Amino acid sequence: MTTNAMTNEVLLIDETANLKNYDEAVANFDWKEIEKTFTWYQTGKVNMVYEAIDRHVNNGKADQTALFFTDGVRDEAYTYQDIQKLSSQFANGLRSYGVEKGDRVFIFMPRTPELYISLLGIIRMGAIAGPLFEAFMEEAVKDRLSDSGAVAVVTTPALLERIPVDELPELKHVILVGGEETTADNQVLYQDLMSKSDEYTIEWVDRETGMLLHYTSGSTGKPKGVLQVHDAMIHQYLAGKWTYDLREGDVYWCTADPGWVTGTSAGMWSPWLNGVTAVLRGGRFKAEEWFQTLEKYGVNVWFSAPTALRMIMAAGNELPKKYDLSKLRHILSAGEPLNPEVVRWGLEVLNHRIHDNWWMTETGSCICANFRCNPIRPGSMGKPLPGITLSIVDDQGNELPANRMGNLAIKPKWPAMVRAIWNNQEKYDQYFETGWFVTGDSAYKDEDGYFWFEGRVDDVINTSGERVGPFEVESKLVEHPAVAEAGVIGVPDPVRGEVIKAFITLREGFVDSDELKEEIRSFVKTRLAAHAAPRMIEVRETIPKTRSGKIMRRVLKAWELGLPTGDLSTMED
Ligand code: ATP
Ligand code: MG
């Protein structure tokens with residue numbers, strides 16, 4: 001691995017990578033070729049769960065581990081055959097209670113194997129699964145269950161109190177995981193449901209049949225119900241193969257919760273469609289425990305998010321040295337822009353490349369990535385996945401030339417693309433008004449085809465006639481040794497249009513003072529640009545974030561301006 005001082009590029013020659021030549025792959029790409037991977041290409045019979053699980057059972061991998069689970073208390077391993085059997089039982093049980101194809105069945109519980117088994121069981125029988133993050137409070141749960149008209153919910157006795165069953169007329173069944181007794185007629189114990197029938201079952205569906213309903217992170221407003229269909233498998237398989245570079249025999253760990261798209265798409269489908277072993281870790285983030293998990297399972301490929309990587313960085317450079325990470329090949333990051341500082345830390349301290357990749361709930365899988373075969377340009381989200389047409393367009397949908405800032409947009413349609421915004425056709429149509437799927441993110445493309453994220457369109461700051469992306473300022477701020485995290489917004493100003501305000505948290509050992517803030521200000525001024533240096537800096541204990549780890553700039557802005565904060569259902573405690 002070498003770094004090119006001129007371009008800042010991190011080069012790596014890896015003859016064993018699945019994708020060896022990016023330009024060639026783009027030139028020769030055909031989704032039809034990828035489809036040949038799946039059994040339905042021969043039989044015409046479609047179901048995601050068949051391709052992710054049963055296909056491997058039928059192709060000599062019955063006894064291979066599909067899932068390792070640890071949470072500090074339980075420590076378990078499941079083969080592909082185990083998962084097939086358990087998810088069949090769950091599907092049979094659901095059917096016995098009258099749940100039908102197309103029904104919405106939600107899952108509201110901690111990260112455990114039962115969450116995975118339920119999710120697979122639901123999709124196996126042709127219903128639509130709606131995974132919810134366990135930390136949601138009552139309002140958030142109610143909103144989603146009522147918006148989707150869910151007929152059943154899988155939960156735990158402890159979380160049951162956050163489900164206002166009486167206010168959800170369509171909800172008929174509550175499946176309790178980990179309970180010993182039921183307390184109402186509509187309740188059923190997981191173990192009883194599982195004991196209905198052991199028989200193998202699979203419901204054949206269309207490629208366009210709905211499979212998952214994921215609510216978005218709520219960074220920019222009220223979360224939207226994004227419907228994904230079985231066809232998404234083509235895309236999720238390819239992302240696993242080319243972006244995550246999963247190989248035969250790999251152990252792969254994606255830290256995302258299945259309540260977010262990354263947790264299912266990159267956490268379950270991509271690894272299982274590629275027939276590798278997935279790791280699931282329950283419990284909360286702790287740097288030591290995460291390193292232990294990497295060591296314990298000999299993780300080869302690790303997928304996490306910038307917020308977690310920044311927290312691990314903040315835990316110090318000595319910590320990683322205590323663990324055997326020799327099996328690790330590379331790291332992936334998505335969900336938020338990856339600061340160049342984090343990429344450099346990955347190289348220096350972990351001796352690994354961190355591959356940033358960009359996508360959203362609505363895209364269903366990875367769209368743009370730093371591939372293993374391409375040099376990484378720190379701060380850039382890389383190049384489009386072959387088969388995807390990604391561009392920068394103006395508000396009318398005209399493509400813009402290189403180095404011009406504009407709307408990041410994707411040419412419809414691609415396999416994992418959102419097929420409906422639940423109960424909101426108008427919102428769905430808005431995305432496609434210009435003939436492109438307009439993402440709501442602002443970015444530019446350089447002469448070599450690398451995409452650079454600027455910020456959410458709504459977050460871009462206009463100050464003294466200059467356009468400033470919050471991400472660039474935040475990245476410069478976290479390069480300063482005192483700054484752990486930063487959130488940057490524009491505050492209306494009569495003279496400059498907007499001025500930049502930064503909210504920061506400090507690393508251990510630093511205390512808030514006017515001198516420190518002035519030093520940080522001039523650090524950004526001399527290293528980025530005078531107009532990009534924050535005029536105001538506020539030190540805080542925490543920065544408001546979604547539970548998926550995204551900085552909520554709209555909340556910072558509302559606080560700053562004394563405006564209503566809007567939907568906070570997805571905000572961290
Ligand atoms: P909502 O749509 O409800 O406001 P959200 O957009 O945060 O919430 P997600 O679909 O979970 O919900 O997140 C997608 C967004 O995350 C993208 O639009 C982008 O702004 C950001 N994002 C994801 N990956 C990256 C990345 N690698 N670099 C920069 N931004 C990213
Ligand atoms: Mg969004």
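Scoring rules and cut-offs
- Residues numbered from 1 in each chain as written.
- Chains lettered and ligands numbered in written order.
- Predicted model: local features only at pLDDT ≥ 70, side-chain atom pairs only at ≥ 80, totals over all residues.
- Heavy atoms only, no water.
- UniProt positions renumbered as here; feature names shortened; annotations may be inferred.
- Helix = DSSP H or I, 4+ residues; strand = E, 2+ residues; numbered from the N terminus.
- Near = heavy atom within 4 Å.
- Areas by Shrake-Rupley, 256 points an atom, 1.4 Å probe, with all protein chains shown as cover.
- Nonpolar A, V, L, I, M, F, W, Y, C, P; charged D, E, K, R; others polar.
- Buried < 20%, exposed > 50% of the residue type's maximum accessible area, 1.4 Å probe, protein only.
- Pairing = 2+ DSSP bridges.
- Right-handed = clockwise from strand over helix to strand, strands pointing away.
- Axes fitted to C-alpha atoms, helices over the stretch in contact; angles between N-to-C directions.
- Phe/Tyr/Trp six-rings, centres within 6.5 Å; stacked < 30°, edge-to-face > 60°.
- Expected span 1.5 Å × (residues − 1).
- Domains from an automatic or database assignment.
- Buried area = accessible area lost by both parts, 1.4 Å probe.
- Salt bridge = Lys/Arg side-chain N within 4 Å of Asp/Glu carboxyl O.
- Contact = heavy atoms within 4.5 Å.
- Polar contact = N/O pair within 3.5 Å; in protein donor to acceptor, adjacent residues only side chain to side chain.
- Core = buried A, V, L, I, M, F, W, Y, C linked by side-chain atoms within 4.5 Å.

Participant: Break down the UniProt feature "domain: AMP-binding enzyme C-terminal" (unreviewed entry) in the protein for me, with residues and values.
Facilitator: In the UniProt entry, the feature "domain: AMP-binding enzyme C-terminal" (unreviewed entry) is given for residues 472-550. Between the first and last C-alpha atoms of residues 472-550 the distance is 15 Å; the span itself is 28% helix and 32% strand.

Participant: Provide a residue-level description of the site of ligand 1, including the pertinent values.
Facilitator: If you check the shell around ligand 1, you find 21 residues, and the closest are Thr216, Gly218, Ser219, Thr220 and Thr361. Taken by itself ligand 1 offers 630 Å² of open surface, and the protein chains cover 96% of this. When grouped by side-chain class, the residues that make up the shell around ligand 1 number 5 nonpolar, 9 polar and 7 charged.

Participant: So what's going on with the pairing of strand E14 (residues 301-304)? Which residues, and what values?
Facilitator: Alternating positions in E14 separate into two faces, Val301 and Phe303 on one and Trp302 and Ser304 on the other, with burial throughout. Bridge count between strand E12 (residues 251-254) and E14: 3 bridges; the pairing is parallel. Residue pairing in the sheet places Cys254 in a bridge with Phe303 of E14. Inspection of the sheet shows E14 paired to strand E15 (residues 330-333) by 4 bridges, in the parallel sense. Pairing of Trp302 across the sheet is with Ile331, part of E15. Crossover connection from E14 via helix H13 (residues 306-314) to parallel E15: handedness right-handed.

Participant: So, unusual backbone geometry: which residues are in play, and what are the values?
Facilitator: A cis geometry characterises the amide bond from Pro412 onward to Lys413, with omega recorded as -5 degrees. Looking at the secondary structure, you find Lys413 in the loop between strand E20 (406-410) and strand E21 (420-421). Non-glycine residue Asn351 carries a positive phi angle of around 60 degrees. One non-glycine residue, Asn423, adopts positive backbone phi at about 60 degrees.

Participant: Break down the sheet that holds strand E22 (residues 437-445) for me, citing the residues and quoting the values.
Facilitator: Paired through backbone hydrogen bonds, the strands of a sheet run either parallel or antiparallel to each other. A sheet is described by the order of its strands in space; here 4 strands give the open sequence E19-E20-E22-E23, paired in antiparallel fashion. Strands at the two margins of the open sheet, each flanked by one partner only, are strand E19 (390-393) and strand E23 (451-456). Between one strand axis and the next, the sheet turns by 50 degrees as a mean value, whatever way the strands run. Pairing analysis gives 4 bridges linking E20 to E22, with the strands arranged antiparallel. Bridge pairing in E22 places Gly406 opposite Ala443.

Participant: An account of the packing of aromatic side chains is needed here, citing residue identities and associated values.
Facilitator: Taken as a whole and assessed by the stated rule, the structure comprises 27 aromatic pairs. A ring pair is formed by Tyr244 and Phe303, whose centres lie 5.2 Å apart and whose planes are at 80 degrees; its orientation type is edge-to-face. Within this pair, whereas Tyr244 is found in the loop between helix H10 (232-243) and E12, its partner Phe303 is found in strand E14, the two being separated by 59 residues in sequence. Each member of the pair, Tyr244 together with Phe303, is buried.

Participant: With reference to specific residues and values, describe helix H5 (residues 80-96).
Facilitator: With 17 residues, H5 should reach 24 Å at 1.5 Å per residue; the first-to-last C-alpha distance of 24 Å fits that figure. Three or more residues of H5 are buried, namely Tyr80, Ile83, Gln84, Ser87, Ser88, Gln89, Phe90, Ala91, Asn92, Gly93 and Leu94. Gly98 sits one or two residues past H5 and shows a positive phi near 85 degrees.

Participant: Can you break down the domain arrangement of the protein residue by residue, with the values?
Facilitator: Considered domain by domain, the protein is made up of domain 1 (79-228) and domain 2 (465-559). Summarising the inter-unit geometry, the C-alpha centres of domain 1 and domain 2 are found 41 Å apart. For the domain 1 and domain 2 pair, buried surface summed over both sides reaches about 540 Å², with 51% attributable to carbon and sulfur atoms. Area buried by domain 1 at its contact with domain 2 is led by Phe133, Ser217 and Ser219, which between them contribute 64% of it. Taken together, the connections running from domain 1 to domain 2 amount to 0 salt bridges.

Participant: For the UniProt feature "domain: AMP-dependent synthetase/ligase" (unreviewed entry) in the protein, give the residues involved together with the corresponding values.
Facilitator: Within this structure's numbering, the places UniProt gives as "domain: AMP-dependent synthetase/ligase" (unreviewed entry) are residues 58-411. Along residues 58-411, the helical share is 31% and the strand share 22%, with 36 Å between the first and last C-alpha atoms.

Participant: Quick one: what's the story with the environment of Asp75, residue by residue and with numbers?
Facilitator: Here Asp75 is to be found in strand E4 (residues 75-79). Asp75 sits in the partly exposed class, given a relative accessible area of 49%. Counting along the chain gives 206 residues from Asp75 to Arg281, while the straight-line C-alpha distance between them is 9.6 Å. Each residue touching Asp75, except ones within four places of it in the same chain, is listed here: Phe69, Thr70, Lys296 and Tyr297. A polar contact of 2.6 Å, which involves the side chain of Asp75, links it to the side chain of Lys296.

Participant: Describe in detail the environment of Tyr444, supporting the description with residues and values.
Facilitator: With respect to the element layout, Tyr444 can be found in strand E22. Ignoring sequence-local partners within four residues, the contact set of Tyr444 consists of Ile392, Asn403, Arg404, Met405, Tyr450, Phe451 and Trp452.

Participant: Can you tell me about the nonpolar core, naming the residues and giving the values?
Facilitator: Grouped together as the largest cluster of nonpolar side chains are 107 residues, with contacts concentrated most on Phe90, Tyr244, Trp269, Trp272, Trp358 and Trp359. In contact with Tyr244, not counting residues within four places along its chain, are Ala239, Tyr252, Ala266, Ser270, Val301, Phe303, His330, Leu332, Asn357, Trp359, Ser365 and Cys366. Residues Leu294, Val342, Trp345 and Ile354 belong to the second largest nonpolar core, which totals 28 residues.

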